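Architecture at a glance
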Amino acid sequence: MDCLVREPEGSARLAAAVRAYFPGEADAVLARCRAVPGDICEPGLGGYDGPARTVLHCAAITDHVGYARDFDRVNVQGTAAVIAWCRARGAQLLHVSTI
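Scope of this entry: the structure provided in the associated data block. (Residues numbered from 1 in each chain as written. Predicted model: local features only at pLDDT ≥ 70, side-chain atom pairs only at ≥ 80, totals over all residues. Heavy atoms only, no water.)

Here's the deal with the overall build of the chain
Of regular secondary structure, the chain possesses three helices and four strands. Reading the helices (α) and strands (β) of the chain from amino to carboxyl end gives β-α-α-β-β-α-β. Projected onto the principal axes, the alpha-carbon positions of the chain cover approximately 35 × 35 × 25 Å. When each of the 99 residues of the chain is scored for burial, the buried share is 24%. (Helix = DSSP H or I, 4+ residues; strand = E, 2+ residues; numbered from the N terminus. Buried < 20%, exposed > 50% of the residue type's maximum accessible area, 1.4 Å probe, protein only.)

What follows is the structure, given as structure tokens:
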């Protein structure tokens, strides 16, 4: 499974999150994940062009305070970019929302 992460710290953040949420299974989960550089706010997801049958999209700013432009860039425009990327490849999209 490819996991799109913003570099340079993205790989470490992914590993830390997996270890926090799945402490007893982290090594097995991480063995099935491959951190790949990309960004939903960049054209073409930051250049990611890997194969995808299914995309699980859960990238978002979930802070309670912040600038509207940042929320819009990531949560609205970023999600629109993921939708367009999936449509162009015929990939199924699973979207996880915090609402």
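From this point, things continue past the structure.
Section: the side chain of Thr79
Following the sequence through the fold, Thr79 ends up in helix H3 (residues 68–89). Judged by its relative accessible area of 13%, Thr79 falls in the buried class. Once residues lying within four places of it in the same chain are set aside, the contact partners of Thr79 are Ile40, His57, Val74 and His95. (Contact = heavy atoms within 4.5 Å.)

Remarks on H3
Taking 1.5 Å as the rise per residue, H3 with 22 residues should run 32 Å; its terminal C-alpha atoms sit 30 Å apart, in good agreement. Among all positions of H3, only Val74, Gly78, Thr79, Val82, Trp85 and Cys86 are buried. The elements touched by buried residues of H3 are strand S3 (54–57) and strand S4 (92–95). Trailing H3 by a residue or two, Gly90 shows a phi angle of about 70 degrees, which is positive. (Expected span 1.5 Å × (residues − 1).)

Digging into the side chain of Asp39
Structurally, the position occupied by Asp39 is in the loop between strand S2 (34–37) and S3. For Asp39, which is buried and forms no salt bridge, the nearest opposite charge comes from Arg6, at a distance of 4.8 Å. Each residue touching Asp39, except ones within four places of it in the same chain, is listed here: Leu4, Arg6, Leu45 and Gly46. (Lys, Arg positive; Asp, Glu negative; His and termini not counted. Salt bridge = Lys/Arg side-chain N within 4 Å of Asp/Glu carboxyl O.)

With respect to the nonpolar core
Within the largest apolar cluster, ten residues are counted, these being Val36, Ile40, Leu45, Tyr48, Val55, Val74, Val82, Trp85, Cys86 and Ala91. No other element matches the four residues that H3 contributes to this core. Those residues in contact with Leu45 that lie beyond four places of it in its chain are Leu4, Gly38, Asp39, Ile40, Ala81, Val82 and Trp85. Val5, Val18, Ala26 and Cys33 belong to the second largest nonpolar core, which has seven residues in total. (Core = buried A, V, L, I, M, F, W, Y, C linked by side-chain atoms within 4.5 Å.)

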